[in-house]
Amino acid sequence: FAQKIPKFGGTLGVGWTSLAHSDLYKENVYIASLARLLQANQDRKISVGVNVKMMEQWTNLDYLLNKNDPMAAQNKSKTVYTIDAGLWMRLKDKISIGLMAKNLTEPDIKRDTGANAVADKVPMELHAGAILHGLSSGAGKVAIIPGAEITQRSGKTRFHVGAEMWFTGNNLAL
């Protein structure tokens, strides 16, 4: 959910995602977001945003596998916090460029605190992307917005391309 706050000059948002499997495993991510338009004129718009995330992980797998291990019974859950930050710029109504860094603090979600514990860090992700506005059919009934993104996570770089197609005066998109 996001709500524009005119007095603040920006938008506040909240979100939640959940991944669960019965009584064995659960992940929750709670997000509070803040975005603000820094500059707007006929040539460009610039916005910045930040997310503060609380990440919870709960598992019962260790206890189910080894019920005699007191450590497995104690360390069933872990909560960590991290931050995402982003920058968006639209140039001359033709090109939009975005940069984003996720999980800036690379929190360690490991539950085991014993001598042989291995870190289980949530890796930082870097994203950069661009889209091209203004490609439309002669009648203006269909608009196509192509885009590309490059991401890096855990030393792996990926490249993504795609497009949106808007129909009937921007009322329907695919």
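Residues numbered from 1 in each chain as written. Predicted model: local features only at pLDDT ≥ 70, side-chain atom pairs only at ≥ 80, totals over all residues. Heavy atoms only, no water.

**Brief notes about the overall build of the protein chain**
Each helix and strand in the protein chain was counted, giving two helices and eleven strands. Going from N to C terminus, the protein chain has its helices and strands arranged as β-β-β-β-α-α-β-β-β-β-β-β-β. Expressed as a percentage of the 174 residues in the protein chain, the buried residues total 18%. Partitioning the contacts of the protein chain with sequence separation of at least 6, the portion at a separation of at least 24 is 43%. (Helix = DSSP H or I, 4+ residues; strand = E, 2+ residues; numbered from the N terminus. Buried < 20%, exposed > 50% of the residue type's maximum accessible area, 1.4 Å probe, protein only. Contact = heavy atoms within 4.5 Å.)

**Comments concerning the packing of aromatic side chains**
Tallied over the full model, the rule gives zero aromatic pairs. Its end group placed over the ring of F8, R36 keeps NZ or CZ at 5.0 Å from the ring centre. (Phe/Tyr/Trp six-rings, centres within 6.5 Å; stacked < 30°, edge-to-face > 60°. Lys NZ or Arg CZ within 6 Å of the ring centre and 35° of its normal.)

**With respect to the pairing of strand 6 (residues 95-102)**
In summary, the side chains of a regular strand alternate between the two faces of the sheet. With seven bridges joining them, strand 5 (residues 77-91) and strand 6 adopt antiparallel strand pairing. Considered in strand 6, the bridge of G86 is made with M100. The antiparallel pairing of strand 5 with strand 6 creates a hairpin that spans three residues between the two strands, and K92 there sits at a positive phi of about 45°. The sheet contact formed by strand 6 and strand 7 (residues 125-132) spans eight bridges and is antiparallel. Note that in strand 7 the partner of A101 across the bridge is L126. (Pairing = 2+ DSSP bridges.)

**Details of the side chain of H127**
Within the secondary structure, H127 sits in strand 7. The contacts of H127, once residues within four sequence positions are left out, are G98, L99, M100, K102, E149, I150 and T151.

**Thoughts on the pattern of salt bridges**
All chains considered together, the criterion is met by four salt bridges. Notably, a salt bridge pairs K92 with D43, separated by 3.4 Å at the nearest N-O pair. In this pair, K92 sits in the loop between strand 5 and strand 6 while D43 sits in the loop between strand 3 (25-40) and strand 4 (44-59), placing the two residues 49 residues apart along the sequence. You can call K92 exposed: its relative accessible area is 55%. Overall, the relative accessible area of 38% leaves D43 in the partly exposed class. Across the salt bridge formed by D84 and K53, the nearest N and O atoms sit 3.3 Å from each other. Taken together, the residues D84 in strand 5 and K53 in strand 4 connect sequence positions 31 residues apart. With relative accessibility at 5%, the residue D84 sits in the buried group. Members of the salt-bridge network, linked through shared partners, are K102, E125 and R153. (Salt bridge = Lys/Arg side-chain N within 4 Å of Asp/Glu carboxyl O.)

**Considering the environment of S136**
Tracing the sequence through the fold places S136 in strand 8 (residues 135-136). The class of S136 is partly exposed, set by a relative accessible area of 49%. Taking C-alpha positions, S136 is 9.0 Å from W166, a pair spaced 30 residues apart along the chain. Discounting chain neighbours no more than four positions away, the residues touching S136 are V142 and A143.

**With respect to unusual backbone geometry**
One non-glycine residue, E106, lies in positive phi territory at about 45°. Mapped onto the secondary structure, E106 falls in the loop between strand 6 and strand 7. In this structure E106 comes out as partly exposed when scored by relative accessible area, which is 33%. Phi is positive for S154, close to 55°, though the residue is something other than glycine. Mapping S154 onto the fold places it in the loop between strand 9 (142-153) and strand 10 (156-167). For S154, a relative accessible area of 56% translates into the label exposed.

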